[in-house]
Amino acid sequence: MASRAPLLPSRPQSIKELVAQAENFTFNSNIPFKHWTRAAETLYQEASFAVKDGDYGRAYMMLYRHSVLVLQFLPSHPQTKDPESKKAYRPLQKRITRVIQDLEDLKPEIENAYKEWERLAPKGLAETPHHASKYAEFAARDPSLSGNARILDAFENQDLAVDLAQRELFRRDTARRATRQAGIKEDDVLSRRMGGRWDTWDTQSRLGDDDDLQRQMEATRQALDSAQERRHADQDYRPTSTSSYNYPSISRSKPVDFEQPRYPASTPPLIPSKPPRQPERPPKDDLQPPPLVPLVPRKVPLAQYQPLTPTPPPPPKQLDDRPSLPPKEELSPTLPHPKKERLTFKPGAYLENGDPVRSLFLPKDLRQTFLDIASENTRQGLEMCGILCGTPINNALFVRCLLIPEQKCTSDTCETQNETSMFDYCMNEDLLVLGWIHTHPTQTCFMSSRDLHTQSGYQVMMPESVAIVCAPKFKPSYVKKLSLDLRDIVTNYRF
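Residues numbered from 1 in each chain as written. Predicted model: local features only at pLDDT ≥ 70, side-chain atom pairs only at ≥ 80, totals over all residues. Heavy atoms only, no water.

(A) Focus on unusual backbone geometry. In this structure, N394 takes a positive phi of about 55 degrees despite not being glycine. As for its placement among the helices and strands, N394 is situated in the loop between strand 6 (385-393) and strand 7 (396-403). We note that D430 has phi near 60 degrees; this positive angle belongs to a residue other than glycine. Tracing the sequence through the fold places D430 in the loop between helix 12 (419-428) and strand 10 (432-439). Classification of D430 by relative accessible area gives buried; the value is 15%. (Helix = DSSP H or I, 4+ residues; strand = E, 2+ residues; numbered from the N terminus. Buried < 20%, exposed > 50% of the residue type's maximum accessible area, 1.4 Å probe, protein only.)

(B) Structural view of the pairing of strand 7. In terms of burial, strand 7 is a largely internal element, six of the eight residues being buried. Two strands pair when backbone bridges link them, and strand 5 (residues 360-361) and strand 7 are joined in this way by two bridges, in the parallel orientation. Residue pairing for strand 7: F361 is matched across the bridge by F398. Pairing of strand 6 with strand 7, which is carried by seven bridges, proceeds in the antiparallel orientation. Residue pairing for strand 7: T391 is matched across the bridge by F398. Counting the residues in the hairpin turn of strand 6 and strand 7 gives two residues, including N394, whose phi is positive at 55 degrees. (Pairing = 2+ DSSP bridges.)

(C) Empty space enclosed by the protein, seen in detail. Throughout the structure, instances matching the rule amount to three cavities of 30 Å³ or more. Estimates place the volume of the largest cavity at around 120 Å³. Lining of the largest cavity is provided by 14 residues; of these, A50, D53, D55, R58 and N395 occupy positions nearest its centre. Of all the secondary-structure elements, those providing two or more residues to the lining of the largest cavity are helix 2 (33-52) and strand 2 (342-346). Partitioned by chemical class, the residues of the lining of the largest cavity number four nonpolar, four polar and six charged. Estimates place the volume of the second largest cavity at around 90 Å³. Taken together, the elements giving at least two residues each to the lining of the second largest cavity come down to helix 2 and helix 13 (449-458). (1 Å grid on protein atoms, 1.4 Å probe; cavity = no way out; pocket = protein on both sides within 12 Å on 5 of 7 lines; lining within 4 Å. Points joined across faces, edges and corners; volume = space filled by probe spheres on them. Nonpolar A, V, L, I, M, F, W, Y, C, P; charged D, E, K, R; others polar.)

(D) Region of interest: helix 1 (residues 15-22). For helix 1, the set of buried residues is I15, L18, V19, Q21 and A22. Take helix 1 and look down its axis: the buried residues cluster within an arc of 160 degrees, on one side only. Against helix 3 (56-73) and helix 4 (83-120) lie the buried residues of helix 1. (Arc of directions from axis to C-beta. Contact = heavy atoms within 4.5 Å.)

(E) Representation of the environment of T413 within the structure. By secondary structure assignment, the location of T413 is in the loop between strand 8 (407-409) and strand 9 (414-416). Here T413 is in contact with E383, K408 and R450, once residues within four sequence places are set aside. One polar contact links T413 to T410, side chain to side chain, over a distance of 2.3 Å. (Polar contact = N/O pair within 3.5 Å; in protein donor to acceptor, adjacent residues only side chain to side chain.)

(F) Structural detail: the side chain of D55. Note that D55 resides in the loop between helix 2 and helix 3. As a buried residue without a salt bridge, D55 has its nearest oppositely charged side chain in R342, at a separation of 4.1 Å. A polar side-chain atom of D55 sits 3.4 Å from the main-chain amide nitrogen of R58. (Lys, Arg positive; Asp, Glu negative; His and termini not counted. Salt bridge = Lys/Arg side-chain N within 4 Å of Asp/Glu carboxyl O.)

(G) Structural context of the packing of helix 2 against helix 3. Relative to each other, helix 2 and helix 3 sit at 160 degrees, their axes nearing to 8 Å. In this view, helix 2 runs roughly antiparallel relative to helix 3, as classed from their interaxial angle. Crossing handedness for the pair helix 2 and helix 3: left-handed. Within the contact between the two elements, helix 2 uses W36, A40, L43, Y44, E46, A47, A50 and V51 and helix 3 uses Y56, R58, A59, M62, L63, R65, H66, L69 and V70. Looking at the contact of helix 2 with helix 3 residue by residue, the class counts come to 13 nonpolar, one polar and three charged. (Axes fitted to C-alpha atoms, helices over the stretch in contact; angles between N-to-C directions. Parallel < 35°, antiparallel > 145°, perpendicular 65-115°, else oblique. Left-handed = near helix turned anticlockwise from the far one by under 90°.)

(H) Layout of the packing of aromatic side chains. For the structure on display, the rule yields eight aromatic pairs. Aromatic pair F25 and F73: ring centres 5.4 Å apart, planes at 70 degrees, arrangement edge-to-face. Of the two residues, F25 sits in the loop between helix 1 and helix 2 while F73 sits in helix 3, which places them 48 residues apart along the sequence. Its relative accessible area of 14% is what places F25 among the buried residues. A relative accessible area of 22% means that F73 is categorised as partly exposed. Aromatic side chains F27 and W36 sit 4.6 Å apart centroid to centroid with 35 degrees between the ring planes, which places their arrangement in the tilted category. Both residues of the pair, F27 and W36, belong to the buried class. (Phe/Tyr/Trp six-rings, centres within 6.5 Å; stacked < 30°, edge-to-face > 60°.)

(I) Representation of the pattern of salt bridges in the model. Throughout the structure, instances matching the rule amount to 17 salt bridges. Between R172 and D53 there is a salt bridge whose closest N-O contact spans 2.9 Å. On the criterion of sequence distance, the pair formed by R172 in helix 7 (residues 158-181) and D53 in the loop between helix 2 and helix 3 is long-range, its members being 119 residues apart. Under the relative-accessibility criterion, R172 is labelled buried at 6%. Its relative accessible area of 19% is what places D53 among the buried residues. D173 is the partner of R176 in a salt bridge, and the nearest nitrogen-oxygen pair spans 2.8 Å. Taken together, the residues span about one helical turn, with R176 and D173 both in helix 7 at a distance of three residues. We note that R176, like D173, is buried. Among the charged side chains, a network of salt bridges with common partners joins E46, R58, R358 and E464.

(J) Quick peek at a positive patch on the surface. On the surface, K81, K86, K87, R90 and K94 cluster together into a positively charged patch. Counting through the fold element by element, K86 comes out in helix 4. Using a relative accessible area of 44% as the deciding quantity, one classes K86 as partly exposed. (Patch = residues over 30% accessible without salt bridge, like charges linked within 9 Å, V, L, I, M, F, W, Y side chains within 5 Å. Areas by Shrake-Rupley, 256 points an atom, 1.4 Å probe, with all protein chains shown as cover. Charge placed at Lys NZ, Arg CZ, Asp CG, Glu CD.)

If you want it as structure tokens, here you go:
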């Protein structure tokens, strides 16, 4: 397969190319307004996860698509004036200012990556190569596979992908707990990470905690010293007899002397006497001229004395055989070191419009766990559904949470209710909706027309979203994902 061939990192995409990819999506007004608002939330979450992975190109593309969807397309939807639609659109509109600021913060990072690639890449890679397949052509435009990326195949490195995901999830959970304990708003996390101030901000919070701890230790030490002084005072003022008691007189407080005297307590300190006054100077007498000193006689040279003449130095050796020194050249300025290599898994395929279909990892006991939860409804002949939540890590998707929402179940339908609280939970727990799962208690495994419409809403902005159908009376399960053409057919069909 073309997707299994080894890939080299491609040239980073420019701002103009990322904007063109962000605008390459179809807005279908037949899709309900709530699905588009859910898609906008998904785009914003995707950008946050891309920043954590260091994939700034994908983060910029997701944020730009989010802004185009909120500012240009959602106001033109037929349901935009409904009360529920206005309520869902209001927080998206308030967030636009922060999204635009995040785009401005990401722009220098993308431009620097583009310049670094031009400086470090060989001439053969710097030029636009000829793509051997459609997959390679789409991969060359994928921002997740460009720059300083080390590209691996998730299918061939499944154990490595799961191990790296577990480590990264542990690190993110620890950082999220620290963020909540520090009293940091969740809305500020993305902007601070994008602006490059996350490390400094974390350090400042730790320094503040150290100052509070130091103040608490100082207060505790003062309290212990005060208690010890009171105990010493009680021992000193304890009465010697029980017949009479005299209150001690309180002396005036004196400053504490921290240095112990070096002399005994009974011996008074020696006070040095003042130095005696200098005697008066005698009166000045007239200066007398100094006595005359006899002159030294001249030296007479001997008749046989010959002055010493220095020996001339030997002539320099011939240096014609030695090579000449190279001319001095000015040192070029120190070039910045390349950024640390980031690991990324290449997509399993690409859709017709170039959107990547990333690898999706499902827990092996997911189906049986869900059937155990839905067993009571299954005995009553009622359907039940669950939401598959997870996290994108290194350009792969990992399902790690099965969420059972509030729902209204019948023999052939199940509709979720109070979806706002469900998505709020996902945002607070740093989870992304990756699909859904439901049962057919009395029927075989297939996707009904209602199921297809529901799945098309999940795949509006995430083509990797899956729908799993479980029929307890029949062993095999059915996993469905709509292609781009089939999704358009389903969304344009009204029932």
